[in-house]
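Here are the chains, one letter per residue:
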Amino acid sequence: MVNLLAHIKNLFSPFPNIESIEGLMGLERADALFHNLVAEKKVPGLAVTVLDSGKKVLQKGYGFAYIDKRIKVHPKHTIFRIASISKCITGLALGKMVEDGILDLDESFYAYVPYYPKKKYDFTLRQLAGHTAGIRGYRGKEYALNNDYSIKDGIEVFKNDPLFFEPGTSYLYNSFDFVLLSLAMQEASGMLFEEYVKENILIPLGLENTFSPDELKNTSSSDTFKTQFYTKRALCFTEAVEVNNTYKLAGGGYLSTCDDVAQLGQAILERRLLKSETYEQLLASEIINGKPTCYGLGFQVSQDSNGREFVGHVGNSVGAYTNLFAYPEQKKVVAILTNCTDPKEQSALDEAIDAIIEEVV
């Protein structure tokens, strides 16, 4: 009944008309493709920011932050969950701690968190940051937990489970790695993880609209600018289930604007805040059995759908699907935030990104 009512509301929602992309190239083509994702009701809303050598060449909101309230997405002000782009923020914080001698990437995790249950094998902070520690991924509904866990509380979800493999012998992408990583960072620094990140990463980079869930609750702009989070159904969009991502802040809990996320990408391209040799570690793919994992320490270090090298992250969370692609060779950054759990439209996003990167300046 709820889905039927939502479908009826969607039918009368003022979604835009579909635009022709025939003959369009570059940013114009990308703009039309993003527009059509909303017009075809593939996503309720999205924000896009494109930087070329640090200059904004496209910054636009498409569709709705709130469908029922007819509130449109604003690319500089609408606050989305950024999902696993959070790992890039954590990667920078990890690099900062290494530079300051607070922790050692190749030290045992237990050196910082001795109370964590001992496993068959030891594992390091580097292995956690690169997803080669053997920690398991989500099971069942763990992806959408709505418990008010702190980072330390959150390890209760998985702490008693055995490792999936001997650390360093395989790769398994998951967010529990980053729960443990952030706990070690918290214990090593003597500061709450979110406080350390804000003081040492967000403020220095000028990311004023990037928040933890708890911080956003106490921010005056929270109700005004935070998007509604949606799940895509066969006939409509429905409000996503309530979740509390505080305990997995480091791996997928931050909220931000598209403008801030693009600036994060630009800072990474310019290698700001950290030393060049630190970035070399963060942005170098881990190697397992002689093969690259295409993942560094908090960063995807990979190729896009057309083989162009990028650093950044794709993210998926309850009520969010996100892309941050920073292209060192092309000196371009593409940030895309949507307010919908994985809508299965990465191929359409790839087509738009391709048009952006291929544009002749």
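Rules behind the numbers
Residues numbered from 1 in each chain as written. Predicted model: local features only at pLDDT ≥ 70, side-chain atom pairs only at ≥ 80, totals over all residues. Heavy atoms only, no water. Pairing = 2+ DSSP bridges. Helix = DSSP H or I, 4+ residues; strand = E, 2+ residues; numbered from the N terminus. Contact = heavy atoms within 4.5 Å. Axes fitted to C-alpha atoms, helices over the stretch in contact; angles between N-to-C directions. Buried < 20%, exposed > 50% of the residue type's maximum accessible area, 1.4 Å probe, protein only.

By the naming in an unreviewed UniProt entry, the protein chain goes by Beta-lactamase family protein and is assigned to Flagellimonas abyssi.

Right, let's talk about the sheet that holds strand β12 (residues 320-327) for a bit. The strand order across the open sheet built from 7 strands is β3-β2-β1-β13-β12-β11-β10, with neighbouring strands paired in antiparallel fashion. The outermost strands of the open sheet, each flanked by one partner alone, are β3 (71-72) and β10 (300-303). Sheet strands in contact with helix α2 (residues 26-39) are β1 (45-52), β2 (55-66) and β13 (332-338), and its direction is about 10° off that of β2. Each of β1, β2, β11 (309-317), β12 and β13 is contacted by helix α11 (residues 258-269), which is oriented at about 150° to β13, the strand it contacts most.

Counting buried residues in β12 gives 8 out of 8 residues, a clear majority hidden from the surface. The two faces of β12 match: Ala320, Thr322, Leu324 and Ala326 on one face and Tyr321, Asn323, Phe325 and Tyr327 on the other face are all buried. As paired strands, β11 and β12 are joined by 7 bridges and run antiparallel to one another. Residue pairing in the sheet places His313 in a bridge with Leu324 of β12. Examined bridge by bridge, β12 and β13 share 7 bridges and lie antiparallel to one another. The residue of β13 that forms the bridge with Asn323 is Ile336. Hairpin remark: β12 followed by β13, antiparallel, with 4 residues in the connecting loop; positive phi at Lys331, about 55°.

All right, on to unusual backbone geometry then. Positive phi, normally seen in glycine, also occurs at Ser53, with a value near 55°. For Ser53, the location among the structural elements is in the loop between β1 and β2. Exposure remark for Ser53: the relative accessible area of 53% places this residue in the exposed category. Positive phi, normally seen in glycine, also occurs at Ala83, with a value near 55°. Here Ala83 lies in the loop between β4 (80-81) and α3 (86-99).

Further remarks concern the environment of Val113. Looking at where Val113 falls in the secondary structure, it is placed in the loop between α3 and α4 (125-129). Residue classification places Val113 among the buried residues on the basis of a relative accessible area of 0%. The spatial distance from the C-alpha of Val113 to the C-alpha of Lys217 is 29 Å, given a sequence separation of 104 residues. Those residues within four positions of Val113 in sequence are excluded, and the remaining contacts are Leu183, Ala184 and Glu187.

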